[in-house]
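Fold and contact review
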Amino acid sequence: RAASIIAKTDCRLWFLDRTAFKGITGSYKQRRDEIILDTIRKVKIGDKVLGDVLRSSEIDAMALATQSDSFGKGDVICRQ
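Okay, so let's go over this structure. Computed from a prediction, not measured in an experiment: that's the story for all the values here.

Let's shift gears to the environment of Gly 46. Considering the arrangement of structural elements, one finds Gly 46 in the loop between strand E1 (44–45) and strand E2 (48–49). A residue is classified by how much of its surface remains accessible, and Gly 46, at 68% relative accessible area, is exposed. Counting along the chain gives 13 residues from Gly 46 to Ile 59, while the straight-line C-alpha distance between them is 18 Å.

Moving on, we come to the pattern of salt bridges. Overall, the coordinates contain 5 salt bridges when judged by the stated rule. Its salt-bridge partner being Glu 34, residue Arg 31 comes within 3.4 Å of it at the nearest N-O pair. With a gap of 3 residues between them, Arg 31 and Glu 34 both fall in helix H1 (residues 18–42), about one helical turn apart. Taking relative accessible area as the criterion, Glu 34 reaches 34% and is therefore assigned partly exposed. Ionic pairing is found between Glu 58 and Arg 55, a salt bridge with its closest N-O pair at 3.7 Å. What makes Arg 55 exposed here is its relative accessible area of 56%. Each of Lys 29, Arg 32 and Asp 33 takes part in salt bridges that share partners, so that together they form one network.

What counts as what
- In this numbering scheme, every chain counts its residues from 1 along its sequence in written order.
- Local features are withheld for residues below a pLDDT of 70 in this predicted model, meaning they are given only at 70 or higher, and side-chain atom pairs are given and counted only at 80 or more; totals for whole chains, interfaces and linings count all residues.
- Hydrogens are left out, water is left out, and the side-chain values use all remaining heavy atoms of the structure.
- Strands are runs of DSSP state E lasting at least two residues, helices are runs of H or I lasting at least four, and both sets are numbered from the N terminus onward.
- The buried label goes to any residue with under 20% of its type's maximum accessible area, the exposed label to any with over 50%, and the partly exposed label to all in between, with areas taken from a 1.4 Å probe on protein chains only.
- The working definition used for a salt bridge is a side-chain nitrogen of Lys or Arg within 4 Å of a carboxyl oxygen of Asp or Glu.

Dropping the structure here:
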């Protein structure tokens, strides 16, 4: 798709081409996924570690379902 950008003043443009952008975002996603998988594998429930009791495919499925959220000091995270 074509687009035009018109400078209103003298400026310097910094840009990434599509290949570079995809490479950067792809490597970021891969690293993020590795961190999530490693974290899930290390989770302890009772005296068991998930990485020892779940198959790799089950850990992968959990990682795909993982969502991130942020909380401030004093925020209620869960209430039953």
